[in-house]
Amino acid sequence: MSSQSYHYTRSGEQNIGMFGRFRSRHNRAASLNEDILDCCAVDLCTSTIKMDAEDIDLRLCFRIISPSKSYTLQAENEADRMEWVNKITGAITLLFNSQFLQPHYGRLHFENKNSDGGASLASQSEDSNISVMDGIYSREVVSVSKILRGIPGNGICAECSAPEPEWASLNHGILLCIECCGVHRNIGVHISKVRSVTLDVRVWEPTILELFDNLGNAYCNSIWEGLLVVDDERVAESNAPMKPCPTDAFQYKEKYIQAKYVEKSLIIREEDIPGIPSLSIRIWQAVQAINVREVYRLIVTSKSNLINTIYDDIVHQAEAKDLNLGPMDEGHQHDPEACLRIKETNETDRCFRGWSLLHLACHSDSALMIELLLQFGADVNMCDYHGRTPLHLCISSGKNPLAKFLLRRGAKPSVKDAGGLTVLERAMEMGAITDEELFIKLAESQ
Ligand SMILES: [Zn+2]
Ligand SMILES: [Zn+2]
């Protein structure tokens, strides 16, 4: 199938039985009756598509969920499933983004033609409309994929080196081929969050693109596959599988990706060594310096979970004495008077007590660093000693674009600080809010 094509007509040997096991979850008995498979119309405008990887019973299945009914379809193999999911997701995205939405547009027909051994999906829409929208849609997509593919190492899949990878793992900052993407999806969202480079157009916000631009397959693999680069013998000893090539079997790629990200058997571990600054101090400094690669490296290679590092963890460490850690530097003493002032006012950067790395990234005014920390699971609503969230911090210091960014990423404006005030109340304390969009977002939660 061509990526521009909207007519889903497939025929030939490999597709026999694509919808042979078409069944509705709510009516399994009826689904045994092949007669009902002849033709089903689904309104894609109001539908979503879901993968069923977590359910062993539904291996190779995907679901099209419409308001009236859920259809579970089973593909022949993983690549076939990804292709169907890709194309249908593309059609949904296209419809959703379309400003030329027509009343009868976007009805998708499943036809089961067991007699001639072919399955087809045919759209009822008019070709003229599609070509206009394809044009709009593809321009956006081309620029995103052009940016992503231009990053060092991103011309090939990070796992198997297949050319022109069209999928991405957001939290790992890498591009993947369709098959390795399937493996990443199977290992779970807590390990890897996969998205399409060409189809998930909304995901590719400027900060995500900037993050990918700062990382890239080459750099990320130098961390995740550190042992491969350094010493082949050590890999042989550890029984870790060797890097797969594009033609290797799916099971082999699966084994490799499992070893790489779940068992983390190819990472050169970073550990605390007496005499040099601890990992928590080093990550604090790297966030402060907006050193994306160093923060990424420290999080991946550390055995402890550095993402939850707070200021209080590091301020009493002996090595911290010589470091410029912030306003509380002098003597590292907690100053109750200064703290009281913070409780009453918007002078939030007078005390770092209880600050998370995310608070620090906001203080450094870096959306890029915030993006990286959030991708690694930093808590966007974590409060410091004074009950201030990163959102409080941005509002109090007039960083409105950053505040809006945090709100888009799940920051809760309803949290009250130790002074008993919400973000909106703190903002109004500072005078009129000139940013209308920000005001609406904050007011909505009151
Ligand atoms: Zn691959
Ligand atoms: Zn304080």
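On a predicted model such as this, the values are computed, not experimentally measured, just so you know.

Participant: What's the story with the nonpolar core in this structure? I'm lost.
Facilitator: One recurring pattern in soluble globular proteins: nonpolar side chains tend to sit buried together. Counting residues in each nonpolar core, the largest one holds 88 residues, and the members touching the most others are Leu 176, Val 287, Val 295, Tyr 296, Ile 370 and Leu 373. Membership of the second largest hydrophobic core comes to eleven residues, among which are Val 144, Leu 148, Leu 175 and Ile 208.

Participant: Mind showing me how you'd approach the coordination of the zinc ion (ligand 1) here?
Facilitator: Note on the zinc ion (ligand 1): its protein donors are Cys 157 (SG), Cys 160 (SG), Cys 177 (SG) and Cys 180 (SG). The metal-donor distances range over 2.2 to 2.3 Å. For the zinc ion (ligand 1), the four donor atoms in the first shell make angles of 104 to 114° at the metal, a pattern classed as tetrahedral.

Participant: Honestly, empty space enclosed by the protein in this entry has me stumped. Any pointers?
Facilitator: The gaps left among the atoms become clear once a water-sized probe is rolled over them. Under the criterion given, the structure shown has three cavities of 30 Å³ or more. The volume enclosed by the second largest cavity comes to roughly 50 Å³. In terms of residue class, the lining of the second largest cavity is made up of five nonpolar, two polar and one charged.

Participant: When you look at a nonpolar patch on the surface in this model, what are you seeing that I'm missing?
Facilitator: Residues Met 428, Phe 439 and Ile 440 make up a contiguous nonpolar surface patch of about 270 Å² in total accessible area. Locating Phe 439 in the fold gives a position in helix H19 (residues 436-444).

Participant: Would you mind going over the environment of His 392 with me for this structure?
Facilitator: Within the secondary structure, His 392 sits in helix H16 (residues 390-396). Once residues within four sequence positions are removed from consideration, His 392 is found in contact with Gly 387, Val 415, Lys 416, Asp 417, Leu 421, Thr 422, Val 423 and Arg 426. For His 392, the side chain forms a polar contact with the main-chain oxygen of Leu 421, separated by 3.4 Å.

Participant: Looking at this model, I keep getting lost on the pattern of salt bridges. Mind explaining?
Facilitator: Think of it this way: side chains of opposite charge can pair up when their charged atoms draw near. Under the criterion given, the structure shown has 17 salt bridges. Between Glu 159 and Lys 260 there is a salt bridge; the shortest N-O distance is 2.8 Å. Highlighted residues: Glu 159 in the loop between helix H3 (127-149) and strand S9 (167-169) and Lys 260 in helix H9 (residues 250-262), separated in sequence by 101 residues. A residue is classified by how much of its surface remains accessible, and Glu 159, at 0% relative accessible area, is buried. Residue class for Lys 260 comes out buried when judged on its relative accessible area of 0%.

Participant: What's the story with the sheet that holds S9 in this structure? I'm lost.
Facilitator: Within the open sheet, the three strands sit side by side as S10-S9-S11. Their pairing is antiparallel. Looking along the sheet, the strands with just one partner apiece sit at the ends: strand S10 (174-176) and strand S11 (194-196). When strand polarity is set aside, the average angle formed by the axes of neighbouring strands in this sheet is 35°. Inspection of the sheet shows S9 paired to S11 by three bridges, in the antiparallel sense. Following the sheet pairing, Ala 168 is matched in S11 by Arg 195.

Participant: Would you take a moment to explain helix H5 (residues 206-214) for this structure?
Facilitator: Every α-helix winds through 3.6 residues per turn, so residues three or four apart in the chain are directed the same way. Every buried residue of H5 is listed here: Thr 207, Ile 208, Leu 209, Leu 211 and Phe 212. Just downstream of H5, Gly 216 is the residue with a positive phi angle, here 90°.

Participant: What is the right way to look at the confidence of the model for the protein in this model?
Facilitator: If pLDDT is low for a region, its predicted coordinates should not be looked at in detail. Averaged over every residue, the pLDDT of the protein is 78; the share at 70 or more is 71%. Overall, residues 98-133 carries pLDDT values under 50, and its contacts beyond four positions in sequence, including any with other chains, amount to 88 contacts. Predicted confidence is poor over residues 327-332, with pLDDT under 50, and the contacts of this stretch with residues over four places away or in other chains come to 17 contacts.

What counts as what
Residues numbered from 1 in each chain as written. Chains lettered and ligands numbered in written order. Predicted model: local features only at pLDDT ≥ 70, side-chain atom pairs only at ≥ 80, totals over all residues. Heavy atoms only, no water. Core = buried A, V, L, I, M, F, W, Y, C linked by side-chain atoms within 4.5 Å. Buried < 20%, exposed > 50% of the residue type's maximum accessible area, 1.4 Å probe, protein only. Donors = N, O, S within 2.8 Å, 3.2 Å for Na, K, Ca; no water. Tetrahedral: all angles 85-135°; square planar, octahedral: opposite > 155°, others 65-115°. 1 Å grid on protein atoms, 1.4 Å probe; cavity = no way out; pocket = protein on both sides within 12 Å on 5 of 7 lines; lining within 4 Å. Points joined across faces, edges and corners; volume = space filled by probe spheres on them. Nonpolar A, V, L, I, M, F, W, Y, C, P; charged D, E, K, R; others polar. Patch = residues over 30% accessible without salt bridge, like charges linked within 9 Å, V, L, I, M, F, W, Y side chains within 5 Å. Areas by Shrake-Rupley, 256 points an atom, 1.4 Å probe, with all protein chains shown as cover. Salt bridge = Lys/Arg side-chain N within 4 Å of Asp/Glu carboxyl O. Helix = DSSP H or I, 4+ residues; strand = E, 2+ residues; numbered from the N terminus. Contact = heavy atoms within 4.5 Å. Polar contact = N/O pair within 3.5 Å; in protein donor to acceptor, adjacent residues only side chain to side chain. Pairing = 2+ DSSP bridges. Axes fitted to C-alpha atoms, helices over the stretch in contact; angles between N-to-C directions. pLDDT = per-residue confidence, 0-100.

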